[in-house]
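Next come the chains, spelled out residue by residue.
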Amino acid sequence: MKIIVLGAGAWGSAVAMSAAQHPAGHAVTLWARDAAQAQSMRAQAQNARYLPGIALPPSLSVVDGDFRALLPGADLVIVATPMAALRGMLLALRGCTAPVAWLCKGFEAVPAGANSASFGLLAHEVQAQVAPDLIAGVFSGPSFAQEVALGQPTALVAASAHVAVRDALVKAFHSPSVRVYANEDIVGVEVGGAVKNVLAIATGLCDGLALGLNARAALITRGLAEMTRLGLALGARPDTFMGLSGLGDLVLTATGDLSRNRRVGILLAQGQTLAQAVESLGHVAEGVYSARTVVQRAQTLGVDMPIAEAAVALLDGRLQPAEAVAQLMGRGPRGEL
C-alpha cells in the first residue's frame, strides 16, 4: 500500500513508523508542516522533539512542501494534526479519492461569537460540512505514541460508515504488534476519544491531591457514565463505550503515566497555573482545548456531565482543585444509572 501520513507530531510519527514496519512492506511517507523539522528528522533518523531516542525505520520517507503532490496513487491518507487544524486539512483534501482517516480526538472549538451550529463539532461532522465527498473515518483507541513507535502491543479501532475505509486501515496497520478492530459507529468512537481527555484531567487532579484509588475508580466509572450519556444523545451505540475507544481509552488516559491530560490535572493539583502546566508538557493536551466544547455540546443537548463541568471550571480558574473535588462529592444522592 501507498500510505501518506499528514502531520509529524508524536502520534502521526508513531503511526507512520508502525505502518512502515508492517510485514506487507507498505510504502509510507510522513509529511511535516515545518521544513526544518523534516530536515532534522531526516538528518537524525528520529523525531527528536516528540519521540526522542526512537529510530525511524529506514523505509520511512519524511518530506515537507505541498502535501497535495503526494496524493496521486495513494491507497490511504492519514490526517495526524490536532483537532484545531482538521477543518483546513479536510478542505485541502477535497477531491482526494483515496480513503482518508483522522487521528485527532475532540470537539472543534467554538470561536467567540461564532454560530454554535457550525462549530463545536465532532470530526466526522466537520468533514460532512467541508468535504462531504471524502470517503473517511477515524482511527482511534487506547494508545500512547511512544509505545506504538516502539512496537509494543496495541489494539485500535477503525471506525467509519464506509467499508473501504475500515478495510484500508485494517490492511495498513493490523500486524503482530497492532490489532485493528473495525467499527461502524463513528459517533461513539469519536465521543469516547473526545470525552476521555477531559475526564483524564479530572482523574489527574484526584491523583495529584492524593485522594486515593477509591476516588480514582469512582471518577473513572462515573466519567464513563457521562461519556455514554453524551454519546447516546448524539446517536451512538451504547456498546461502543464498553469497547476500546470508550472504556479502554478512558482507563489508559486516566491512569497512564504517559498521559498528557492526566499530567495537566496532576500539575494543577500541585499549584501550577494552567499556562505553566501546558508549557511544561511540550505537547498538545487535547483535553485542555476541547473541555469547554464538550460541556457546551452537552448543555445544548440537555446532558448532565458534572465531572466534565468541574474540569472546565478548574481550567477556567473558577474553582481551585480542592473546591472542584468538593463540588463533585457534595452532589446530592441519586440512583447510579
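The present account deals with the structure reproduced in this document. (Residues numbered from 1 in each chain as written. Predicted model: local features only at pLDDT ≥ 70, side-chain atom pairs only at ≥ 80, totals over all residues. Heavy atoms only, no water.)

## Some points on the overall build of the protein
Consideration 1: Across its full length, the protein carries 14 helices and ten strands.
Consideration 2: Its C-alpha radius of gyration of 19 Å places the protein within 12% of the 20 Å reference for a compact globule of 337 residues.
Consideration 3: Across its three principal axes, the protein shows a C-alpha extent of roughly 60 × 40 × 40 Å.
Consideration 4: Taken across its 337 residues, the protein has 54% of its residues classed as buried. (Helix = DSSP H or I, 4+ residues; strand = E, 2+ residues; numbered from the N terminus. Rg over C-alpha atoms; globule rule 2.2 N^0.38 Å. Buried < 20%, exposed > 50% of the residue type's maximum accessible area, 1.4 Å probe, protein only.)

## Let's talk about the packing of aromatic side chains
The description of an aromatic ring pair uses the distance of the two centres, along with the angle that the planes make with each other.
Consideration 1: Overall, the coordinates contain two aromatic pairs when judged by the stated rule.
Consideration 2: Where W31 meets F67, the ring centres are 5.1 Å apart and the plane angle is 70 degrees; that geometry is what we call edge-to-face. Pair noted here: W31 is in strand β2 (residues 27-31) and F67 is in the loop between β5 (61-63) and β6 (76-79), with a separation of 36 residues, a long-range link.
Consideration 3: Here W31 falls in the buried class, since its relative accessible area comes to 8%.
Consideration 4: Given the relative accessible area of 8%, F67 is considered buried. (Phe/Tyr/Trp six-rings, centres within 6.5 Å; stacked < 30°, edge-to-face > 60°.)

## A few points about the environment of G235
Consideration 1: Topologically, G235 is positioned in the loop between α8 (213-233) and α9 (244-255).
Consideration 2: According to the relative accessible area criterion, G235 is exposed, its value standing at 55%.
Consideration 3: The sequence separation of G235 and I186 amounts to 49 residues, and the corresponding C-alpha distance is 9.9 Å.

## Thoughts on the pairing of strand β10 (residues 178-183)
Consideration 1: As judged from the six bridges shared by strand β9 (residues 154-159) and β10, these two strands associate in the parallel manner. Looking at β10, one finds that T154 is bridged to V178. (Pairing = 2+ DSSP bridges.)

## Regarding the pattern of salt bridges
Consideration 1: One pass over the structure, following the stated rule, counts 13 salt bridges.
Consideration 2: Three or more residues joined by partner-sharing salt bridges are found here, namely D207, R216, D257 and R262. (Salt bridge = Lys/Arg side-chain N within 4 Å of Asp/Glu carboxyl O.)

## Quick word on helix α2 (residues 35-44)
Consideration 1: Listed in full, the buried residues belonging to α2 are Q37, A38 and M41. Down the axis of α2, the buried set is contained in an arc of 100 degrees. They therefore lie on one face. In α2, those exposed residues whose orientation departs by more than 90 degrees from the buried face are A36 and A43.
Consideration 2: Buried residues in α2 make contact with α1 (10-20), β2, β3 (46-47) and β5.
Consideration 3: One or two residues past the end of α2 sits A45, with phi positive at roughly 55 degrees. (Arc of directions from axis to C-beta. Contact = heavy atoms within 4.5 Å.)

## Observations concerning unusual backbone geometry
Consideration 1: At A45, a residue that is not glycine, the phi angle is positive and equals roughly 55 degrees.
Consideration 2: Positionally, A45 belongs in the loop between α2 and β3.
Consideration 3: For A210, which is not glycine, the phi torsion reads 55 degrees and is therefore positive.
Consideration 4: Examined against the element boundaries, A210 turns out to sit in the loop between α7 (186-208) and α8.
Consideration 5: Its relative accessible area of 67% is what places A210 among the exposed residues.

## Quick look at helix α6 (residues 163-173)
Consideration 1: The set of residues buried in α6 consists of V165, R166, A168, L169, A172 and F173. Take α6 and look down its axis: the buried residues cluster within an arc of 165 degrees, on one side only.

## Describing the nonpolar core
Consideration 1: With 74 residues, the main nonpolar core has V77, L93, W102, V191 and L230 as its most contacted residues.
Consideration 2: Among the elements that take part in this core, α7 stands out by supplying twelve residues, more than any other.
Consideration 3: With residues up to four places along the chain from it excluded, the contact list for V77 reads I4, L6, L71, L93, C96, A98, P99, V100 and A101.
Consideration 4: Among the nonpolar cores identified, the runner-up in size contains 40 residues, and A16, V28, V62 and L156 belong to it. (Core = buried A, V, L, I, M, F, W, Y, C linked by side-chain atoms within 4.5 Å.)

## As for the sheet that holds strand β8 (residues 136-140)
Consideration 1: Read across the sheet, eight strands follow the order β5-β2-β1-β6-β7-β8-β9-β10 without closing on themselves; strand pairing throughout is mixed. Two strands close off the open sheet at either side, each with one partner strand: β5 and β10. Strand-to-strand twist across the sheet, computed as the mean angle between neighbouring axes with direction ignored, equals 25 degrees.
Consideration 2: Two strands pair when backbone bridges link them, and β2 and β5 are joined in this way by three bridges, in the parallel orientation. From the neighbouring strand, W31 faces β5, where its bridge partner is V63. (Axes fitted to C-alpha atoms, helices over the stretch in contact; angles between N-to-C directions.)

## Notes on the environment of Q272
Consideration 1: Relative to the elements of secondary structure, Q272 occurs in the loop between α10 (260-269) and α11 (274-281).
Consideration 2: With relative accessibility at 28%, the residue Q272 sits in the partly exposed group.
Consideration 3: In contact with Q272, other than residues within four places in its own chain, are L267, A277 and S280.
Consideration 4: A distance of 3.4 Å separates a polar atom in the side chain of Q272 from the backbone nitrogen of A277. (Polar contact = N/O pair within 3.5 Å; in protein donor to acceptor, adjacent residues only side chain to side chain.)

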